[in-house]
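Close look at the chain arrangement
Okay, here's what each chain looks like letter by letter:
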Amino acid sequence: MKKKHLVAPAAVLAGSLLLAGCGASNSGGGTAAPGGSDASNAATADYAKTWGECKPGSSAKNVADIQGEDKDKDITIGAFNGWDESFATAHLLKAVLTKEGYNVKVDAYEAAPAFAGTAKGDIDVITDVWMPVTHPQYLQQFGDQLEQLGCWYDNAKLTMAVNDSSPAKSIEDLATMSDQYGGKLYGIEPGAGLTKQTKEKAIPEYGLDKMQFVVSSTPAMLAQVKKATSANENVAVTLWRPHWAYSAYPMRDLEDPKGAMGGTEVINSASSKKFAQDNPKAAQIIKNLQLNDKQLSDLENFMMSPDEFDGKDNDAAVAKWLEQNPDFAEKLKSGQLGAA
């Protein structure tokens, strides 16, 4: 395996990401890029369009049609600490690429050093670039040193969710149905972007002040979901997509007609310029990746749920998921994941 070096810019960038880690999961809810010169703002707007408006499958091709051989069979994929979908996609690609003869290693990083390391070439690939809200500051700084390797998911968002059998259909219903949910809305960590968005936007806009917003932790929120759904009781929580809870429990999102929880985002993959140039076949496999809500939540459920692998053996979890989705790898390589 080629040697990788941890890069230093993390200290500079660590304060720029306002997302707070929440247990084992990404809490979403970042902020737009900070103010800058007209040139930097124009660059950010350009990235918001090319990355934030990307459509999954738009870069898909049959890998068999790619000319030339890859120069380096050793690949390092950087996964973001606390972002379940980052590890899910990293280990999924590892499984497919390994069968194609590559030597793949997944290393964990905070988001800031992962972007910096990929730009420098110390990390080959990252799969968790959220646009246009969460990560524009990193593209503004490193975008010209990164290669966009397609987008694989376009429904990333902050939500309020309830058990599927409960009466509320919209967030605004909670104002009049609070008593049917025990008068409580269960949240996650106090410092998470999701908590901030809920407290400062959704609660006042929908008049939910009479509900007790219970802010604690992601594991505590999920424990309430498990307890309530097991007892056939109603529960209301703050959640986000993608998340494995949608597969593990009978949960559904409440409609958000006022857009108080924010809009949807697109999740992209990226590599260093050198990786994309030297490894066109591996790069194309990554470009071909697409996952819908059910696929992603099922995969994350296998990986992270306490009733499955509990985050302790991601490769085994991916192997189990691929057994249940036997056509996935071939469709990924042929660029047919989006085909009906």
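No experiment lies behind these values; they were computed from the predicted model shown.

The next point concerns empty space enclosed by the protein. As enumerated under the stated definition, the model contains one cavity of 30 Å³ or more in all. In this structure, the largest cavity occupies an estimated 40 Å³ of space. Surrounding the largest cavity, Tyr-153, Arg-241, Pro-242, His-243, Tyr-246, Asp-293, Leu-296 and Ser-297 form its lining. Residue contributions to the lining of the largest cavity peak at three residues, all from helix H12 (residues 293–304). Looking at the lining of the largest cavity residue by residue, the classes come out as four nonpolar, two polar and two charged. Two domains each provide a minimum of three residues to the lining of the largest cavity, namely domain 1 (52–156 + 265–334) and domain 2 (157–253).

Attention now moves to the side chain of Thr-229. Note that Thr-229 resides in helix H8 (residues 218–230). There is a polar contact of 2.7 Å between the side chain of Thr-229 and the backbone oxygen of Val-225. In this view, Thr-229 contacts Asn-163, Tyr-249, Pro-250 and Met-251; residues no more than four positions away in its chain are not counted.

Below, the discussion takes up the packing of helix H3 (residues 84–99) against H12. Axis separation between H3 and H12 bottoms out at 10 Å; the angle between their running directions is 95 degrees. When the axes of H3 and H12 are compared, the pair comes out roughly perpendicular. Taking contact as the criterion, the partners of Asp-84, Glu-85, Phe-87, Ala-88, His-91 and Leu-92 in H3 are, on H12, Leu-296, Leu-299, Glu-300, Met-303 and Met-304.

Of all 10 residues in helix H4 (residues 111–120), nine are buried; the element is thus mostly enclosed. Ala-111, Ala-112, Pro-113, Ala-114, Phe-115, Ala-116, Gly-117, Thr-118 and Ala-119 are the residues of H4 that are buried. Looking at the residues trailing H4, positive phi occurs at Gly-121, about 100 degrees.

This part takes up the confidence of the model for the protein chain. Looking at the protein chain, pLDDT values average 87 and 87% of them are 70 or higher. Here residues 1–25 is a poorly scored stretch, pLDDT under 50, and it has 61 contacts once near neighbours within four places are set aside; other chains count. Here residues 27–39 is modelled with pLDDT under 50, and outside its nearest four sequence neighbours on either side it reaches 34 contacts, counting other chains as well.

Let us look at the pairing of strand E4 (residues 146–163). Counting buried positions over the 18 residues of E4 gives 14, a clear majority of the element. The sheet contact formed by E4 and strand E9 (residues 265–272) spans six bridges and is antiparallel. Bridge pairing links Ala-156 to Glu-265 in E9. Pairing analysis gives three bridges linking E4 to strand E8 (residues 251–253), with the strands arranged antiparallel. Across the sheet, residue Asn-163 finds its bridge partner in E8, namely Met-251.

Per the counting criterion, the structure on display carries seven aromatic pairs. Ring centres 5.8 Å apart and planes at 45 degrees place the aromatic pair Phe-80 and Phe-115 in the tilted group. With Phe-80 in strand E1 (residues 74–80) and Phe-115 in helix H4, this residue pair connects regions lying 35 residues apart in the sequence. The exposure class assigned to Phe-80 is buried, which follows from its relative accessible area of 0%. Their ring planes at 75 degrees and their centres at 5.0 Å tell us that Trp-321 and Phe-328 sit as a pair that is edge-to-face. Like Trp-321, the residue Phe-328 is buried in the burial classification. Grouping aromatic residues by their ring pairs yields a cluster made of Phe-80, Trp-83, Phe-115, Trp-130 and Tyr-138. Above the plane of the ring of Tyr-246 lies Arg-241, whose end atom (NZ or CZ) is 3.7 Å from the centre.

The next point concerns the environment of Ser-272. Relative to the assigned elements, Ser-272 resides in strand E9. Here Ser-272 falls in the buried class, since its relative accessible area comes to 4%.

Take unusual backbone geometry next. Cis geometry is adopted by the peptide bond preceding Pro-132, which originates at Met-131 and carries an omega value of 15 degrees. Locating Pro-132 in the fold gives a position in the loop between strand E3 (125–131) and helix H5 (136–142). In this model, Arg-241 is joined to Pro-242 through a cis peptide bond whose omega is 5 degrees. Of note, Pro-242 is situated in the loop between strand E7 (236–241) and helix H9 (245–248).

What counts, and where the lines are drawn
- Residues numbered from 1 in each chain as written.
- Predicted model: local features only at pLDDT ≥ 70, side-chain atom pairs only at ≥ 80, totals over all residues.
- Heavy atoms only, no water.
- 1 Å grid on protein atoms, 1.4 Å probe; cavity = no way out; pocket = protein on both sides within 12 Å on 5 of 7 lines; lining within 4 Å.
- Points joined across faces, edges and corners; volume = space filled by probe spheres on them.
- Helix = DSSP H or I, 4+ residues; strand = E, 2+ residues; numbered from the N terminus.
- Nonpolar A, V, L, I, M, F, W, Y, C, P; charged D, E, K, R; others polar.
- Domains from an automatic or database assignment.
- Polar contact = N/O pair within 3.5 Å; in protein donor to acceptor, adjacent residues only side chain to side chain.
- Contact = heavy atoms within 4.5 Å.
- Axes fitted to C-alpha atoms, helices over the stretch in contact; angles between N-to-C directions.
- Parallel < 35°, antiparallel > 145°, perpendicular 65-115°, else oblique.
- Buried < 20%, exposed > 50% of the residue type's maximum accessible area, 1.4 Å probe, protein only.
- pLDDT = per-residue confidence, 0-100.
- Pairing = 2+ DSSP bridges.
- Phe/Tyr/Trp six-rings, centres within 6.5 Å; stacked < 30°, edge-to-face > 60°.
- Lys NZ or Arg CZ within 6 Å of the ring centre and 35° of its normal.

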